[in-house]
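# Fold and contact review
Chain by chain, the residues:
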Amino acid sequence: MLHTQFIQKLEKNYDNVFNYTGGQPSLRMVTSLAAQYTYVNRTYSGLEHQAMMDRMTSGESMFSIFHTYRGNSNLLYKIAAHLLLRGNAEEHVIQLKKKDEILAECGFRSSPYRLVSAFFVKDTAHGVRAKKLYDEMNKFHPILTRKSDFPFAILLTANNDDSIALRAETMNRYFRKLCELGFSSGDALQTLTQILALFDVHYNEELVYYVAQLKTELENRGVHVKRVHYPYIGMLALTATKLQLIEEIVKLEKQLQHSKATKGVRELALVLAIQYLVRDYQDAQHAVNSTTFTSWLELFQFSEFFLYISFDIANGLTDLFDIDLNF
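## Some details on helix H1 (residues 4–21)
When the terminal C-alpha atoms of H1 are compared, their 25 Å separation across 18 residues agrees well with the 26 Å that a helix rising 1.5 Å per residue should span. Of the positions making up H1, those classed as buried are Phe6, Ile7, Leu10, Asn13, Tyr14, Val17 and Thr21. The arc enclosing the buried residues of H1, seen along the axis, measures out at 130°, which places them on a common side. In H1, those exposed residues whose orientation departs by more than 90 degrees from the buried face are Gln5, Gln8, Lys12 and Asn19. Looking one or two places after H1, you find Gly22, whose phi comes out positive at around 70°.

Okay, structure coming up:
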């Protein structure tokens, strides 16, 4: 059976996470953490994870940046895992504090979204670009653009260019066209359009139709595509996914539907299948285009916090995040 080794590792990590946490704070978080470790071929250790979270909530001055979010268990779970998997946790926390201060100086308001954004901002100039893009996005979509878009503004402005206004306009054009093609309007669709503008600031109508085709191909093969899946379809589009890969994704999705790792959160089967196979595809392409590959690595790290779990799909993007949104 295809991808048996991946599923076995995923289920082992799922058991490790579940046995240690008792399924808390949610099954979605359990599955998310299990996948996060499995993608990088690591085995989850509850003791190691808890030790990191204890430091984050202690009185230790180095970890004071997390004290505001002590009650946000979902956020702390994800950040602790991120620090452990990257290594050199103390060094990363020191840098995180400095970068969070940069974002504050650039006009980003305090929130868990700013904290996570700090992992990905490079310097003050990057923060300034990101704030300009955020403001441009707000002009087009004042209702949809919120603190939850802080990290996307950071991701989209990693390169130093002067196309900020054009990028925002391009995302808006993608949004309107995809609505015409049957995609549900809302935050999840806005995230999809942000992903489509990641590598090319110019509007490409062929890409829009390609996204619609990918959605149709999945549905024709019995996959129930929900709004939580929209951003991942965008990832597929950026890889120039061929029909063969779609077939492989559908096969893996159906296997994962029967896995205990998605028990109670079956909508994640497609998310996991796409994440795993797109990573595998991009690994194979590394030697072909190292610059694009670096951007993909950033997107994968980014998506460990975002584009992941739906707590209530009907509410759109804010519910795609692995963090408690009551703040």
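## Considerations on empty space enclosed by the protein
As enumerated under the stated definition, the model contains one cavity of 30 Å³ or more in all. As a volume, the largest cavity reaches approximately 60 Å³. Lining the largest cavity, in full, are Met137, Phe140, His141, Ala168, Met171, Asn172, Gln190 and Gln194. With three residues, helix H9 (residues 164–180) is the single largest residue contributor to the lining of the largest cavity. In the lining of the largest cavity, the residues fall into four nonpolar, four polar and no charged.

## A look at the packing of aromatic side chains
This structure, assessed with the given rule, holds 11 aromatic pairs. Ring plane angle 80° and centroid distance 4.9 Å describe the contact between Phe108 and Phe150, whose orientation is recorded as edge-to-face. Taken together, the residues span a long stretch of sequence, with Phe108 in the loop between helix H5 (89–105) and helix H6 (112–117) and Phe150 in helix H8 (residues 150–156) at a distance of 42 residues. What makes Phe150 buried here is its relative accessible area of 3%. Among the aromatic residues, those joined into a ring-pair cluster are Phe6, Tyr39 and Tyr276. Over the aromatic face of Tyr203 sits the side chain of Arg173, whose NZ or CZ is 4.0 Å from the ring centroid. Positioned above the aromatic ring of Phe183, the side-chain terminus of Lys215 is 5.4 Å from the ring centre.

## With respect to the environment of Lys78
For Lys78, the position within the fold is in helix H4 (residues 73–86). What makes Lys78 buried here is its relative accessible area of 1%. It is 9.2 Å that separates the C-alpha atoms of Lys78 and Gln36, two residues lying 42 residues apart in sequence.

## Brief notes about the environment of His82
Here His82 lies in helix H4. Looking at His82, the relative accessible area reads 4%, which means it is buried. For His82 and Gln36, which are 46 residues apart along the polypeptide, the C-alpha to C-alpha distance reads 8.7 Å.

Rules behind the numbers
Residues numbered from 1 in each chain as written. Predicted model: local features only at pLDDT ≥ 70, side-chain atom pairs only at ≥ 80, totals over all residues. Heavy atoms only, no water. Helix = DSSP H or I, 4+ residues; strand = E, 2+ residues; numbered from the N terminus. Expected span 1.5 Å × (residues − 1). Buried < 20%, exposed > 50% of the residue type's maximum accessible area, 1.4 Å probe, protein only. Arc of directions from axis to C-beta. 1 Å grid on protein atoms, 1.4 Å probe; cavity = no way out; pocket = protein on both sides within 12 Å on 5 of 7 lines; lining within 4 Å. Points joined across faces, edges and corners; volume = space filled by probe spheres on them. Nonpolar A, V, L, I, M, F, W, Y, C, P; charged D, E, K, R; others polar. Phe/Tyr/Trp six-rings, centres within 6.5 Å; stacked < 30°, edge-to-face > 60°. Lys NZ or Arg CZ within 6 Å of the ring centre and 35° of its normal.

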